[in-house]
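# Close look at the chain arrangement
Here is what each chain is made of, one letter per residue.
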Amino acid sequence: MQIRISWPAGNVTATLDADTPTAQALTKALPLTSTARTWGEEVYFDTGVAVSRETDARQVVEPGTVAFWTDGNALALPYGPTPISRGDECRLASPCNILGRLDTDARNLASIRDGDPVRVELIDE
């Protein structure tokens with residue numbers, strides 16, 4: 001399952017694991033619009049979707065991971081270190097459900113500014 005995340009300066013696509021409860025809940029809410037927030041080299045934004053933390057939730061992830069922050073009902077898109085990272089790792093605020101990976105270079109997310117409008121939509125297959 002593929003999604004597109006768009007903002008004024010660009011867009012990225014991502015492939016999600018359609019078998020997870022979080023991915024299923026998110027896709028039912030698409031398309032959605034929100035306001036981007038930045039935290040170090042991470043972009044996150046509210047989705048209006050509330051789900052439980054899954055058993056394989058992780059706090060340290062690779063750049064380009066598509067994660068769902070259950071504490072904030074938000075998609076979390078890390079592309080580099082956050083304020084709590086150790087070294088160059090991508091450390092999220094708390095363990096997040098892992099949804100998939102960006103299909104494009106995660107550094108593209110660096111053009112998102114705090115407060116930018118974002119849109120997430122399903123890409124028809």
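See the structure printed just above.
All of these numbers come straight from a predicted model, not from anything done at the bench.

## Some words on the overall build of the chain
Along the backbone of the chain there are one helix and 10 strands. Mapped from its N terminus to its C terminus, the chain presents α and β elements in the order β-β-α-β-β-β-β-β-β-β-β. The C-alpha radius of gyration computed for the chain amounts to 13 Å, which stays within 12% of the reference 14 Å derived for 125 residues, consistent with globular compactness. Across its three principal axes, the chain shows a C-alpha extent of roughly 40 × 35 × 25 Å. Each of the 125 residues in the chain was classed as buried or not, and the buried ones make up 46%. Partitioning the intrachain contacts of the chain with sequence separation of at least 6 by distance along the chain shows that 73% fall at a separation of at least 24. When the accessible surface of the chain is totalled, it reaches about 6,000 Å², and 45% of it is carbon and sulfur. One way to put it: in the chain the 11 positive side-chain charges average out to a point 3 Å from where the 18 negative ones average out.

## Here's the deal with the pattern of salt bridges
Taken as a whole and assessed by the stated rule, the structure comprises six salt bridges. Put simply, arginine 107 and glutamate 41 hold a salt bridge, and the shortest N to O gap is 2.9 Å. Remark: glutamate 41 occurs in the loop between β4 (37–38) and β5 (42–46) and arginine 107 occurs in the loop between β9 (90–102) and β10 (117–122); sequence separation between them is 66 residues. Its relative accessible area of 43% is what places arginine 107 among the partly exposed residues. By relative accessible area, glutamate 41 is classed as partly exposed at 26%.

## Some words on the environment of valine 51
Inspection of the secondary structure assignment puts valine 51 in the loop between β5 and β6 (58–61). For the pair valine 51 and threonine 22, spaced 29 residues apart in sequence, the C-alpha to C-alpha distance is 6.4 Å. Apart from residues no more than four positions distant in its own chain, valine 51 is found in contact with Thr22, Ala25, Phe68, Thr70 and Asn97.

Cut-offs and rules
- Residues numbered from 1 in each chain as written.
- Predicted model: local features only at pLDDT ≥ 70, side-chain atom pairs only at ≥ 80, totals over all residues.
- Heavy atoms only, no water.
- Helix = DSSP H or I, 4+ residues; strand = E, 2+ residues; numbered from the N terminus.
- Rg over C-alpha atoms; globule rule 2.2 N^0.38 Å.
- Buried < 20%, exposed > 50% of the residue type's maximum accessible area, 1.4 Å probe, protein only.
- Contact = heavy atoms within 4.5 Å.
- Areas by Shrake-Rupley, 256 points an atom, 1.4 Å probe, with all protein chains shown as cover.
- Lys, Arg positive; Asp, Glu negative; His and termini not counted.
- Charge placed at Lys NZ, Arg CZ, Asp CG, Glu CD.
- Salt bridge = Lys/Arg side-chain N within 4 Å of Asp/Glu carboxyl O.

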